[in-house]
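A closer look at the structure
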Amino acid sequence: MLIAQISDMHIKAPGELLYRRIDTPNHLACAVVHINALRPRPDVVLATGDLVEGGRADEYAHLRDLLAPLAMPVFLVPGNHDRRATLREAFADHAYLPATGFIQYAVEGFPVRLIGLDTLVEGKGHGALCDQRLGWLEARLGESARPTVLFLHHPPFDCGIDSFDGMRLNEGAERLAAIVRRHPHVERVMCGHVHRPIQMRWAGTLASIAPSTAHQATLDLQPDAPLSLMMEPPGLALHLWRSGNGLVTHVSYTGTYEGPQPFRPLT
Ligand SMILES: [Fe+2]
Ligand SMILES: [Fe+2]
C-alpha cells in the first residue's frame, strides 16, 4: 500500500496569490499531476490540513476543482486555516466526513487502517484534542489491532522552530501520547502545519511532518527566531507499507529536476 500525504496547500480563490506572491493553487495542481504520474500509483491521498487559506467557500470550491483529477480517493482533515462548516459544504459528497461536530473518521478497506483527527480550534493558530475527540480515538483504536496510522494537522511535539512550537498541539498532546502508547499498532502519527519534513520518535511510535505542497517554513533553530517562509522545493510525503517490512517514509519533491541517470558518468 502506498499513501501520498499532501499538506498545507493554503488554496486561494481563482486569480488570487497567497501574500500577493505565491501561486498555491498552481503548486497543488503540480502535486496532483506528480501523484498521478507516480509508479506505483498511490492507493490513497491524505491531506493534513491548511487545505485553504481563509476557510472561504470560494477557496474550497477551487480546492475541489484542483483535487478532482486525482486518480485515487483523497481524505481531508482540517488545519488552523480551515473552517468546518464551509469545508463540509464544499465536500458534501465525501461520505466519510461526519455531518456534524468534529471531522474525525476511520477509513477501512486498506491494509493499513487510516484514522483522521480534527485538531482545529476555529480562529486560533494552535491545535487541541479535547476529551470528546480523544475518547473517540481511544474507542476506534480499541476496535482493531490492525496496523493503523493517525493523521492530523498540528504536531504533538516540539520541532525546535520556536514560532511553530508555540502553536502546535498545545492541548491534549500528553493524553494523546498516553493513548498511542497503549496501542502499539499505531505505526505512525502523520502531521502537517510546520511546512517542513520532520520526524521524531514519540509515544513509542514515529511522528512525522510532511512538507507543504507550496511554500516551506524557514529552518531557523535559534531561540525566538521570527516566523518566516522560504521558497524551498515543494513536496509531499510518500508512506510505503509492505507487510513484513512495516511503514517507510520518503519525501518526493514535486518540481522538475535533472535525471534520472546511472550512478556513473554519462557517455
Ligand atoms: Fe500551513
Ligand atoms: Fe497550520
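Think of each chain on its own: its residues are numbered from 1, step by step along the sequence as written. Chains carry letters from A onward and ligands carry numbers from 1 onward, assigned in written order. The predicted origin of the model limits local features to residues at a pLDDT of at least 70 and limits the giving and counting of side-chain atom pairs to 80 or more, whereas totals for whole chains, interfaces and linings rest on all residues. Calculation of side-chain values draws on the structure's entire complement of heavy atoms; hydrogens and water are dropped beforehand.

Let us look at the pairing of strand β9 (residues 186-191). In this scheme, a residue with accessible area under 20% of its type's maximum is buried, one over 50% is exposed, and one in between is partly exposed, where area comes from a 1.4 Å probe on protein chains only. Think of it this way: any DSSP run of H or I at least four residues long counts as a helix, any run of E at least two long counts as a strand, and we number them from the N terminus. Within β9, 5 of the 6 residues are buried, leaving the element largely enclosed by the surrounding structure. Strands are labelled as partners when DSSP assigns at least two bridges between them. With 4 bridges connecting them, strand β7 (residues 148-151) and β9 associate as parallel partners. Paired with Phe151 across the two strands is Met190, which belongs to β9. Pairing between β9 and strand β11 (residues 205-209): 4 bridges, direction parallel. The residue of β11 that forms the bridge with Met190 is Ser208.

The subject of this paragraph is the pattern of salt bridges. Any carboxyl oxygen of Asp or Glu that lies within 4 Å of a side-chain nitrogen of Lys or Arg is treated as forming a salt bridge with it. On inspection of all chains with the given rule, the structure shows 14 salt bridges. Here Glu143 and Arg140 are joined by a salt bridge, their closest N and O atoms 2.8 Å apart. With Glu143 and Arg140 both in helix α4 (residues 131-143) and 3 residues apart, the pair spans about one turn of that helix. Judged by its relative accessible area of 19%, Arg140 falls in the buried class. We note a salt bridge from Glu232 to Arg196, for which the minimum N-O separation is 2.7 Å. Highlighted residues: Glu232 in the loop between β13 (229-230) and β14 (235-242) and Arg196 in the loop between β9 and β10 (198-202), separated in sequence by 36 residues. With a relative accessible area of 27%, Glu232 lands in the partly exposed category. Here Arg196 falls in the buried class, since its relative accessible area comes to 12%.

The next subject is the sheet that holds strand β2 (residues 44-48). Within a sheet, each strand pairs with its neighbour through backbone hydrogen bonds, oriented either parallel or antiparallel. Strand order across the open sheet formed by 5 strands is β3-β2-β1-β14-β15, with mixed pairing between neighbours. The strands lining the two open edges of the sheet, one partner per strand, are β3 (74-77) and β15 (246-253). Between one strand axis and the next, the sheet turns through 20° on average, direction left out of account. As defined by bridge partners, β2 adjoins β3 across 4 bridges and the pair is classed as parallel. Along β3, the bridge assignment pairs Val45 with Val74. Helix axes are fitted to C-alpha atoms over the stretch in contact, other axes to C-alpha atoms as well, and angles between N-to-C directions run from 0 to 180 degrees.

This part is about the packing of aromatic side chains. A pair of Phe, Tyr and Trp rings is counted when the ring centres sit within 6.5 Å of each other, with Trp represented by its six-membered ring. The angle between the planes then sorts it: under 30 degrees is stacked, over 60 is edge-to-face, the rest tilted. Taken as a whole and assessed by the stated rule, the structure comprises 4 aromatic pairs. Over the aromatic face of Phe102 sits the side chain of Arg133, whose NZ or CZ is 3.9 Å from the ring centroid. A ring is considered to have a charge above it if a Lys NZ or an Arg CZ atom is located within 6 Å of its centre and within 35 degrees of its normal.

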